[in-house]
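Geometric and topological summary
Each chain, letter by letter, is given below.
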Amino acid sequence: MKKPFITKEKVEEIVKSFPTPFYVYDEKGIIENAKAVYDAFSWNKGYKEYFAVKATPNPVLMDILMKQGCGFDCSSKTELMLSEAVGAEGSNIMFSSNDTPAEEYVYADKLGAIINLDDFTHIEFLEKTIGKIPETISCRYNPGGVFQMSNGIMDNPGDSKYGMTRDQLFEAFKILKSKGAKNFGIHAFLASNTVTNEYYPLLAGQLFELAVELQNETGAHVTFINLSGGVGIPYTPDQTSNDIAEIGKGVHEQFDKILVPAGMGDVAIYTEMGRFMMGPYGALVTKAIHEKHIYKEYIGVDACAVNLMRPAMYGAYHHISVLGKENEPLDHVYDVTGSLCENNDKFAIERSLPKIDKGDYLFIHDAGAHGYAMGYNYNGKLKCAELLLKEDGGVQLIRRAETAKDYFSTLDCLDISDKLEKLTDD
Ligand SMILES: *Cc1c(COP(=O)(O)O)cnc(C)c1O
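Because the structure is predicted, anything quoted here is derived from the model rather than measured.

The rules behind each value
- Residues numbered from 1 in each chain as written.
- Predicted model: local features only at pLDDT ≥ 70, side-chain atom pairs only at ≥ 80, totals over all residues.
- Heavy atoms only, no water.
- Helix = DSSP H or I, 4+ residues; strand = E, 2+ residues; numbered from the N terminus.
- Buried < 20%, exposed > 50% of the residue type's maximum accessible area, 1.4 Å probe, protein only.
- Near = heavy atom within 4 Å.
- Polar contact = N/O pair within 3.5 Å; in protein donor to acceptor, adjacent residues only side chain to side chain.
- Areas by Shrake-Rupley, 256 points an atom, 1.4 Å probe, with all protein chains shown as cover.
- Domains from an automatic or database assignment.
- Contact = heavy atoms within 4.5 Å.
- Buried area = accessible area lost by both parts, 1.4 Å probe.
- Salt bridge = Lys/Arg side-chain N within 4 Å of Asp/Glu carboxyl O.
- Phe/Tyr/Trp six-rings, centres within 6.5 Å; stacked < 30°, edge-to-face > 60°.

Looking now at unusual backbone geometry. Omega for the bond connecting T20 with P21 falls within 30 degrees of zero, at -5 degrees, which places this linkage in the cis form. One can find P21 in the loop between α1 (8-14) and β1 (22-26). With a phi angle near 45 degrees, E350 is a residue other than glycine that sits in the positive phi range. Take E350: it is sitting in strand β16 (residues 346-353). Despite not being glycine, H370 shows a phi value in the positive range, around 55 degrees. By secondary structure assignment, the location of H370 is in the loop between β17 (361-364) and β18 (385-389). Note on H370: relative accessible area 14%, which makes it buried.

Right under this line is the structure:
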């Protein structure tokens, strides 16, 4: 059974200062999980987790992870700026972007970040843009076809826009080496939200074999292999969590089997997990404000898809607990909706839940990654606050809620801007 990391009483205390809806993150959970990740890979001397900033771009949360030894994986200039602002520098930043604008390469280079090239043509583009090829460089690999695991889970790299083909990768290493690159990395992200301990070891095996061939054939010195993201979390209550210790062990076995005999036992393993680092440790807390009885039973809450887009966008399941009613029978069936003028604005469809009364607080689980971050402003809805439930039980505001003033602030249309300015002056 999925248990909320916060009680109804605590939420009642919080709403006196910060009204719903809001995100809340569990510092204790984040730290314990990060420690478990580092334990799982402690056999590898150079291991580093580069937290995928796009999952949860909040500097307070990034700082918690940095204190556990994490670096940051960035996909844009503003993410690079956030990483710089929290004090990460040089090789503690990975720049894994695609379709990259020139100015972002310039910025990444200025920070000394490790640049992960998404495409063969980016070698020339990067060299023209920053005037050199960095000594440390990484290339993203796309093997094409389908990526399949024994439990039937699969993904479709052949259909994805990322990475280089195998031939391009070999050619890229040769060219980069001739242009002065000395330390090479290989990166691949072949399946998303995998809830199995098999994904990383399987991917690692493939990349390790590729690394041996690349080093033999091109003479390029492979210094790291980046398994990227894709380690999933159990969104539904019937799924079992990944065991990161087992995953680390599985990667270790492949390492000893493939890299060590090839004389490549000094290769560092990198990961770029987002969802696994933060997903379970963040929740959207929202209040039931309406109930509606037509052809179905509806509960209207004060959050909407603007706050958490995953259910509307890809029908993603997010478990819901009604705070204070965790042990009551699930004898009602509801659609839980937000207020957007979009019929897909539903956090749950025909979900068995306890009887919900107006004023109840709903805890929407597993929203800590790709939750707040995907927010938008459709229907003029404003983004909510983010709070941190600290290890000592205290609560810290780590992002205030957006205001109407924020929403109007980019409008630059003469007298209308003045009128809006007056309307929001209170
Ligand atoms: C999104 C992304 C990640 C993180 O993925 P998760 O599924 O959240 O672990 C890591 N690396 C890259 C390049 C990404 O695009």
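Around the ligand, the structure places 14 residues, and the nearest of them are K54, E272, G274, R275 and H370. In this structure, an oxygen atom belonging to the ligand sits 2.6 Å away from a side-chain N or O atom of K54. G274 is positioned with one of its backbone polar atoms (N or O) 3.0 Å from an oxygen atom of the ligand. In isolation the ligand exposes 380 Å². Once the protein is present, 91% of that is buried.

This next bit is on the domain arrangement of the protein. Considered domain by domain, the protein is made up of domain 1 (27-279) and domain 2 (280-411). If you look at the interface, domain 1 gives 25 residues, while domain 2 gives 22 residues. Where domain 1 abuts domain 2, roughly 1,900 Å² becomes buried across the two surfaces, and 59% of that area is made up of carbon and sulfur atoms. Three residues stand out in domain 1 for area buried against domain 2, namely E27, Y235 and G279, and they jointly supply 31% of the buried area on that side. Linking domain 1 with domain 2 are 0 salt bridges. Across the contact surface, domain 1 and domain 2 share 13 residue pairs in polar contact (both at pLDDT 80 or more). Secondary-structure elements contributing two or more residues to the side of domain 1 that touches domain 2 are α2 (27-40), α3 (59-67) and α10 (275-278).

Counted under the stated rule, the structure contains 16 aromatic pairs. Aromatic pair F41 and Y47: ring centres 4.5 Å apart, planes at 10 degrees, arrangement stacked. Ring geometry for W43 against F255: centres 5.2 Å apart, planes inclined by 65 degrees, an arrangement best described as edge-to-face. Here the residue W43 occupies a position in the loop between α2 and β2 (48-52), and F255 occupies one in helix α9 (residues 244-259), the gap between them amounting to 212 residues. Here the aromatic cluster, defined as three or more aromatic residues joined through ring pairs, consists of Y38, F41, W43, Y47, F208 and F255.

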